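# Structural features, examined
Now for the letters of each chain:
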Number of protein chains: 2
Amino acid sequence: MKKETLLIALGGNALIRKGQEGTVEEQFENLKLPIRQIARLSEKYKIIITHGNGPQVGNLLLQQECCNAVPKLPLEILVAQTQGQIGYMIESTLDSEFMELGITQYFITLITYVVVDEHDPGFRNPSKPIGPVYTEEESKTVPYPTRKTAKGFRRVVVSPEPVTVIEKNEIRKLIDSDFLVICCGGGGIPVIREGRSFHGVDAVIDKDLVSAKLAEEVGVDIFIIATDVPGAILGYGTSEEKLLRSLTVDEAALYLKQGHFPPGSMGPKIEAARRFILNCGKRAVITSVDAIEDAVSGNAGTEFVRQC
Amino acid sequence: MKKETLLIALGGNALIRKGQEGTVEEQFENLKLPIRQIARLSEKYKIIITHGNGPQVGNLLLQQECCNAVPKLPLEILVAQTQGQIGYMIESTLDSEFMELGITQYFITLITYVVVDEHDPGFRNPSKPIGPVYTEEESKTVPYPTRKTAKGFRRVVVSPEPVTVIEKNEIRKLIDSDFLVICCGGGGIPVIREGRSFHGVDAVIDKDLVSAKLAEEVGVDIFIIATDVPGAILGYGTSEEKLLRSLTVDEAALYLKQGHFPPGSMGPKIEAARRFILNCGKRAVITSVDAIEDAVSGNAGTEFVRQC
């Protein structure tokens, strides 16, 4: 029987947990939990792994700020650097788990770039905070837009919609050839078309939305979004918390409209899962990093179901 | 007719030329020269691109030194970052050139790691200078071995022999499926085997030697080493310079033994080309970045020939 394809989007906590400093040792240790599950799942499914890069790209930005001795790199190059870094960390963890399980499996990390639309309304309103925290005074001297956030003043960048993943054909071909593929790290390197070529832009694409786009473009069957909570929770942080075990796309749209899920955290995950189902995906599940296998077997997380 | 496979190892000057600061704009501009030739060659050959990362990994080290606000990363993670960075820069340049030429070609950048032997004699004698330059005073306070170089005191790391490229099977399979593959950036991420898994080591593998190893492991036909001089030159820097247009493996070994080619620059290139021919490669040519096509057609560079 033909194996189904599973896309697993790993949230930031797969690498760095709350309260941790984020040393390399911590990141490698944390990765074992999701990667062990993924290694086991690879016996039954074709697998694509995507991942975030928030703290890692933030650290690279901070380092650039500190150091005037070397030329500053634009954001899209830093995203490319984190794809290399995190791709390697995931690969070497996978390697160990596969050896432990006695599984032989081809797997590779692909540098991935993603087209965005230069007319995306997001470009008129940079809103995604990234990188170092400044005082109000400092924020006036940096050469890019900043915004007051809960932590202090931070650089804000545009977060446009993903239009298409450049490497979609390569990824489809690799999946068909039984490769496990790690790609679209940090939402992908954002580029815009200019005539017959592309060039990078200072932007960050949401990794869950790009995962939904990739899932649609390569024909994924099951889309798992792994994060630091058990699923979509109504009244999150209140005494009335309620984990939703299933959601229709209409319910999801309604909850989003009613503001139950904030734009910076659960919102894009709900929207990504909703889009995947609307675009003919079979199953989407939002779950915690420790319950990926349970989510795949239908025993954990928030499952998105079709109406019809 | 079956296409031959060409491995092209790009030296540092493919990205940053002498006297340049090394901005992103400069790097993208410089890449056009070799990449345009490679794009044209891809119509006749299957192609693997490898590349150095000296200035890029040096910059990341410098930034780490400057900035105490974020956890320091070990060298192998920085190599992984440069694989992402340079892989993306090569890919997007290739993309533009392919569109210009109207060529449709699958191509991907692979994060690559390379096994080294923990008993390699290199580990007893860290000798390769990398990263920032220190005063003698400063060099006593840094937590790793340093050595006096022409520029000042610098960190020295081990540079062990490449034993095997972990992704060799993946790369072979991709080449067979007509992918152009960019891999082994910066000599590959150095790892050692430890029981059933690998872990990274603070070392830098020579990118020409790893390219020769990869060429042998995946069965490359022609190995091109592109650098900043026209080929192997006797009496380099003297008034008696003589470009060698061809070299047998025995002549190469003799010249190396006689010290004509220094360890830090032309030496490893000569050795890499020599090993490739000894391991049944058809042709190896050391040439300049602007003469890659001419070297492939036999009209430039230093060609390594078999005795028999």
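Rules of the game
- Residues numbered from 1 in each chain as written.
- Chains lettered and ligands numbered in written order.
- Predicted model: local features only at pLDDT ≥ 70, side-chain atom pairs only at ≥ 80, totals over all residues.
- Heavy atoms only, no water.
- Helix = DSSP H or I, 4+ residues; strand = E, 2+ residues; numbered from the N terminus.
- Rg over C-alpha atoms; globule rule 2.2 N^0.38 Å.
- Buried < 20%, exposed > 50% of the residue type's maximum accessible area, 1.4 Å probe, protein only.
- Salt bridge = Lys/Arg side-chain N within 4 Å of Asp/Glu carboxyl O.
- Least-squares fit on C-alpha atoms with pLDDT ≥ 70 in both.
- Contact = heavy atoms within 4.5 Å.
- Pairing = 2+ DSSP bridges.
- Axes fitted to C-alpha atoms, helices over the stretch in contact; angles between N-to-C directions.
- 1 Å grid on protein atoms, 1.4 Å probe; cavity = no way out; pocket = protein on both sides within 12 Å on 5 of 7 lines; lining within 4 Å.
- Points joined across faces, edges and corners; volume = space filled by probe spheres on them.
- Nonpolar A, V, L, I, M, F, W, Y, C, P; charged D, E, K, R; others polar.

For the rest of this paragraph, the subject is the overall build of chain A. Scanning chain A for helices and strands turns up nine helices and 17 strands. In terms of C-alpha radius of gyration, chain A reaches 19 Å, essentially the compact-globule figure of 19 Å for 308 residues. Seen along its three principal axes, the alpha-carbon backbone of chain A occupies a region of about 60 × 45 × 45 Å. Taken over 308 residues, chain A has a buried fraction of 60%.

This structure, assessed with the given rule, holds 32 salt bridges over all chains. The partner of Glu97 of chain A in a salt bridge is Arg36 of chain A, and the shortest N-O contact between them spans 3.0 Å. Of the two residues, Glu97 of chain A sits in helix α3 (residues 75–101) while Arg36 of chain A sits in helix α1 (residues 24–41), which places them 61 residues apart along the sequence. When its relative accessible area of 7% is taken as the criterion, Glu97 of chain A is described as buried. Given the relative accessible area of 37%, Arg36 of chain A is considered partly exposed. Across the pair Lys207 of chain B and Asp208 of chain B runs a salt bridge whose closest N-O atoms are separated by 2.9 Å. No difference in accessibility class separates Lys207 of chain B from Asp208 of chain B, as the two residues are buried.

Looking now at the relation of the copies chain B and chain A. Each copy of the sequence occupies a distinct position, and chain B is placed on chain A by a rotation of 180° and an axial shift of 0.0 Å, giving an RMSD of 0.0 Å. Taken together, the rotation and translation relating the two chain copies correspond to the operation of a two-fold axis. Comparing interface residues between copies, 100% of those in chain B also sit at the interface in chain A, which points to an isologous, same-surface contact.

All names here are of chain B. One open sheet holds the four strands; their spatial order is β8-β4-β10-β11, and the pairing between them is mixed. Of all strands in the sheet, those with a lone pairing partner are β8 (162–165) and β11 (197–200), marking the two edges. When strand polarity is set aside, the average angle formed by the axes of neighbouring strands in this sheet is 45°. Set on the sheet, helix α6 (residues 207–218) makes contact with β4 (113–116) and β8; between it and β8 the angle comes to about 50°.

This brings us to empty space enclosed by the protein. Counted under the stated rule, the structure contains two cavities of 30 Å³ or more. Approximately 100 Å³ is the volume attributed to the largest cavity. Along the wall of the largest cavity there are 13 residues; nearest its centre are Gln56, Asn59 and Gln85 of chain A together with Pro71 and Leu73 of chain B. In terms of residues, the lining of the largest cavity owes the most to one element, helix α2 (residues 54–66) of chain A, which gives five residues. Split by residue class, the lining of the largest cavity holds six nonpolar, seven polar and no charged. Each pocket or cavity is described by its volume, and for the second largest cavity that value is around 90 Å³. Taken together, Val70, Pro71, Leu73 and Gln81 of chain A together with Gly22, Gln27, Gln56, Asn59, Leu60, Gln63 and Gln85 of chain B form the lining of the second largest cavity. By residue number, the principal contributor to the lining of the second largest cavity is helix α2 (residues 54–66) of chain B, which donates four residues.

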